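Take a look at the letters that make up each chain.
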Amino acid sequence: MEETRTRVNENGRVVIPASYRKALGIEVGDEVVLRIEDDELRITTQQRRIQQAQRRARQRLRPGTSLVDELLAERRKAAKNE
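Quick caveat, the model's predicted, so the values are computed rather than measured.

(A) Focus on the overall build of the protein. A count of helices and strands for the protein gives 3 helices and 2 strands. Listing each helix as α and each strand as β along the protein from the N terminus yields α-β-β-α-α. For 82 residues, the compact-globule estimate of 2.2 N^0.38 gives 12 Å, and the protein exceeds it by more than 25% at 20 Å. Seen through its principal axes, the protein has C-alpha atoms that stretch 60 × 30 × 25 Å.

This is the structure we're talking about:
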C-alpha cells in the first residue's frame, strides 16, 4: 500500500483517503476501531478484527474439530452434573 500524508484539523479530525477506506472496506457511517500499537495509530473495522480472530482460530484447530460440538458436549456434561 502506498503511503500518504494528511493533516489533523482544528477539531482533531483526519480524513482517511478513499483508496485506504476501500482497501479496508470502510463505508460511510461505519464504526472504526483505533488503537495505539508500537507508537503508531492503527485503524481497522470490527469486521476485520473478527475475520483476523477467525483466521487465528482456524490455524490452531485440528482439521475436523468442531467447536460447536465441543461446546454442546461440555454443556450436556455440565447439565448432567447439576
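(B) Representation of the side chain of T45. Tracing the backbone shows T45 in strand β2 (residues 40-45). Within the structure, T45 has its side chain in polar contact with the backbone nitrogen of R48 (distance 3.1 Å). Excluding its chain neighbours within four sequence positions, the residues that come into contact with T45 are L24, I26, E31 and V33.

(C) Molecular detail of the pairing of β2. Looking at chain direction, strand β1 (residues 32-37) and β2 are connected through 6 bridges and run antiparallel. Counterpart to I36 in the pairing with β2 is L41. Turn length for the β1-β2 hairpin, with the two strands adjacent in sequence and antiparallel, is 2 residues, and the turn residue D38 shows positive phi of about 55°.

(D) The arrangement of the confidence of the model for the protein in detail. The predicted model of the protein averages 89 in pLDDT, with 99% of residues at 70 or higher. No element of the protein has a lower mean pLDDT than helix α2 (residues 46-60), which averages 87, and none a higher one than β1, which averages 94.

(E) Region of interest: the side chain of T44. Structurally, T44 can be placed in strand β2. Sequence-distant contacts of T44, that is, excluding residues within four places in its chain, are made with V32, V33, R35 and R49.

(F) Highlighting unusual backbone geometry. Positive phi, close to 55°, is recorded for D38, a residue that is not glycine. In this structure, D39 is a non-glycine residue whose phi angle is positive, near 60°. Residue placement: D39 occurs in the loop between β1 and β2. D39 sits in the exposed class, given a relative accessible area of 79%.

Cut-offs used in this document
Residues numbered from 1 in each chain as written. Predicted model: local features only at pLDDT ≥ 70, side-chain atom pairs only at ≥ 80, totals over all residues. Heavy atoms only, no water. Helix = DSSP H or I, 4+ residues; strand = E, 2+ residues; numbered from the N terminus. Rg over C-alpha atoms; globule rule 2.2 N^0.38 Å. Polar contact = N/O pair within 3.5 Å; in protein donor to acceptor, adjacent residues only side chain to side chain. Contact = heavy atoms within 4.5 Å. Pairing = 2+ DSSP bridges. pLDDT = per-residue confidence, 0-100. Buried < 20%, exposed > 50% of the residue type's maximum accessible area, 1.4 Å probe, protein only.

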